[in-house]
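# Topology and contacts: notes
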Amino acid sequence: MLLILAVTTCQVVPVMTREVDLRRAAAEFCPDGAICRVTPLGSGNINDTFLVAAAGGPFVLQRINRQVFPEPLRVIHNFATITNHLRGRRGRDGAIFRTALPVPARTGALYFCDPHGEYWRGQTYLPHSGCRALSGAGQAEQIGRVLATFHQLMAGLDGQALADPLPGFHNLPRYLLEFDRLRPVTTDRQGSASCRYCLEIIDRDRRRATLLEEAKMAGLLTIQPIHGDPKIDNFLFDENGLAVGMLDLDTVAMGIVHYDLGDCLRSCCNRAGEEGGAGREVAFDLEICRALLQGYFNEAHGLLTAEQRAFIFDAVLGITFELGLRFLTDHLGGNSYFRVQQDGENLLRASRQFRLAEAIAAEEAAIRQLALTASL
């Protein structure tokens, strides 16, 4: 059944406390307006996410960050459209592709707009094991299979049914323009050795990093609905550690599958993990890359032509460069996009991504070979 959104206008009134906002929003989704137990959930950098313990079972409550998603109803509408399309669908192995589903408010609407114009939504809670780093090649192959299943299932969705939740997302030339605009007026934040390193990488590699976008503009790469943010912790694993689906569909939009493949390889093949860690060196793991691409193309053998496969290296390098650039730009601009606990975190994130980009560039020949030969 198609889910319909009722669009209303939110009126802004004087701000209440965060706790009052949260309790009011939770009550809008809890049976009979009861005040349910609410606890923070996850460690995302964008939205505020909570686990609500309700009489009918737990569900996820989320406040959509309007600084990142200026049109929250686009995100809410897309989520309903995407989950309606994926509901009950299976991959080639016969397994149902799993993802969260909308939980309507007590009014029947798919969201609640609080007195400050903040949008809240409910989703089903899927108990699963988190994964910040892969256990090995076997798990990487599963992730490749699940990503391919998502692409194949989403290819059947009419792209006109999706609103663009983040106009300009994954548009590296646009991110470079934003960086170039900000750089001359933020010299006071560019003095550290780490920042100077990032600036040197940007100046040196910016031309090479835009090759994927140029291929897209030339019509060499196919455009279809993609996930947009398939990092390792957006994959859903069951109690046995098997990949069974995907989470966080807020960035789903029309794009090229290379964006997803590049970002997935960037996230999964980094031996230091997304956030780095003591004693873990940033490096690109070719065995994980091999296994992930094998899983992907075993599931979706004919999704890309040989010519399109040749751009996979440019995708993983370009997406890694792009993320480093976005972290650095946010650092220079005062950390308004990615959530931080203290100033300097986004600079650290940027330097890690640029170190990873250098590791990827050093393995160019091997990555190109793996992209062309996986599952053949």
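Attention in this report is confined to the structure presented alongside it.

Criteria and cut-off values
Residues numbered from 1 in each chain as written. Predicted model: local features only at pLDDT ≥ 70, side-chain atom pairs only at ≥ 80, totals over all residues. Heavy atoms only, no water. Helix = DSSP H or I, 4+ residues; strand = E, 2+ residues; numbered from the N terminus. Buried < 20%, exposed > 50% of the residue type's maximum accessible area, 1.4 Å probe, protein only. Contact = heavy atoms within 4.5 Å. Areas by Shrake-Rupley, 256 points an atom, 1.4 Å probe, with all protein chains shown as cover. Lys, Arg positive; Asp, Glu negative; His and termini not counted. Charge placed at Lys NZ, Arg CZ, Asp CG, Glu CD. Core = buried A, V, L, I, M, F, W, Y, C linked by side-chain atoms within 4.5 Å. Salt bridge = Lys/Arg side-chain N within 4 Å of Asp/Glu carboxyl O. Polar contact = N/O pair within 3.5 Å; in protein donor to acceptor, adjacent residues only side chain to side chain. Axes fitted to C-alpha atoms, helices over the stretch in contact; angles between N-to-C directions. Parallel < 35°, antiparallel > 145°, perpendicular 65-115°, else oblique. Left-handed = near helix turned anticlockwise from the far one by under 90°. Nonpolar A, V, L, I, M, F, W, Y, C, P; charged D, E, K, R; others polar. Arc of directions from axis to C-beta. Phe/Tyr/Trp six-rings, centres within 6.5 Å; stacked < 30°, edge-to-face > 60°. Lys NZ or Arg CZ within 6 Å of the ring centre and 35° of its normal.

A few words on the overall build of the protein. Counting its secondary structure elements, the protein contains 12 helices and 10 strands. Along the first, second and third principal axes, the C-alpha atoms of the protein reach 60 × 55 × 40 Å. Taking all 376 residues of the protein together, 54% fall into the buried category. Long-range contacts, defined here as pairs at least 24 residues apart, represent 73% of the contacts in the protein between residues at least 6 apart. In the form shown here, the protein has an accessible surface area of approximately 16500 Å², with 53% of it arising from carbon and sulfur atoms. For the protein, the separation between the mean place of its 38 positive charges and that of its 43 negative charges on side chains is 2 Å.

Grouped together as the largest cluster of nonpolar side chains are 66 residues, with contacts concentrated most on I143, F284 and L293. In terms of residue count, helix α3 (residues 137–154) provides more of this core than any other element does, eight residues in total. In contact with L293, not counting residues within four places along its chain, are L261, L265, I312, L370, A371 and A374. Residues I64, L73, I202 and L328 belong to the second largest nonpolar core, which totals 34 residues.

This part is about the pattern of salt bridges. What the rule picks out here adds up to 19 salt bridges. The partner of R207 in a salt bridge is E214, with the nearest N and O atoms 2.9 Å apart. Exposure remark for R207: the relative accessible area of 52% places this residue in the exposed category. The network of salt bridges with common partners includes D48, R63, E118 and R339.

Looking at where P40 falls in the secondary structure, it is placed in strand β1 (residues 37–40). The spatial distance from the C-alpha of P40 to the C-alpha of L51 is 6.2 Å, given a sequence separation of 11 residues. The residues touching P40, leaving out its near neighbours within four places in the chain, are T49 and F50.

In this fold, D314 is placed in helix α10 (residues 312–332). Only 3.3 Å separates the side chain of D314 from the side chain of R368, close enough to count as a polar contact. With near-sequence residues (within four places) excluded, D314 lies in contact with L211, L212 and R368.

How two helices pack is summed up by the angle between their axes together with the distance between the axes. Relative to each other, α10 and helix α11 (residues 345–362) sit at 160°, their axes nearing to 8 Å. The angle between the axes of α10 and α11 places the two elements in the roughly antiparallel class. The chirality of how α10 crosses α11 is left-handed. Together, F313, V316, L317, T320, F321, L323, G324, L325, F327, L328, D330 and H331 of α10 and N346, L347, R349, A350, Q353, F354, L356, A357, I360 and A361 of α11 make up the contact between the two elements. Of the residues that constitute the contact of α10 with α11, the class distribution is 15 nonpolar, five polar and two charged.

Attention now goes to the side chain of E28. Inspection of the secondary structure assignment puts E28 in helix α1 (residues 18–29). One buried charged residue, E28, forms no salt bridge at all, with the nearest opposite charge on R106 at 4.1 Å. When neighbours within four sequence positions are excluded, E28 is seen to be in contact with A105, R106 and F112.

Okay, the environment of V103 next. Take V103: it is sitting in strand β4 (residues 102–103). Counting along the chain gives 18 residues from V103 to R121, while the straight-line C-alpha distance between them is 7.4 Å. The residues contacting V103, other than those within four sequence positions of it, are F29, F59, G122, Q123 and T124.

The next thing to look at is helix α4 (residues 172–182). Of all the positions in α4, only L172, Y175, L176, F179 and L182 are classed as buried. The arc that holds every buried residue of α4, seen down its axis, measures 130°, which confines them to one face. Set apart from the buried face of α4 by more than 90 degrees, the exposed residues are L177 and R181. Buried residues in α4 make contact with α5 (193–209) and α10.

For the structure on display, the rule yields eight aromatic pairs. Ring plane angle 45° and centroid distance 5.5 Å describe the contact between Y111 and Y119, whose orientation is recorded as tilted. Like Y111, the residue Y119 is buried in the burial classification. Here Y337 and F338 contribute two aromatic rings whose centre-to-centre distance is 4.7 Å and whose plane-to-plane angle is 65°, an arrangement assigned as edge-to-face. Three or more aromatic residues joined by ring pairs form one cluster here, namely F327, Y337 and F338. Between the NZ or CZ atom of R309 and the centre of the ring of F297, over which it lies, the distance is 3.7 Å.

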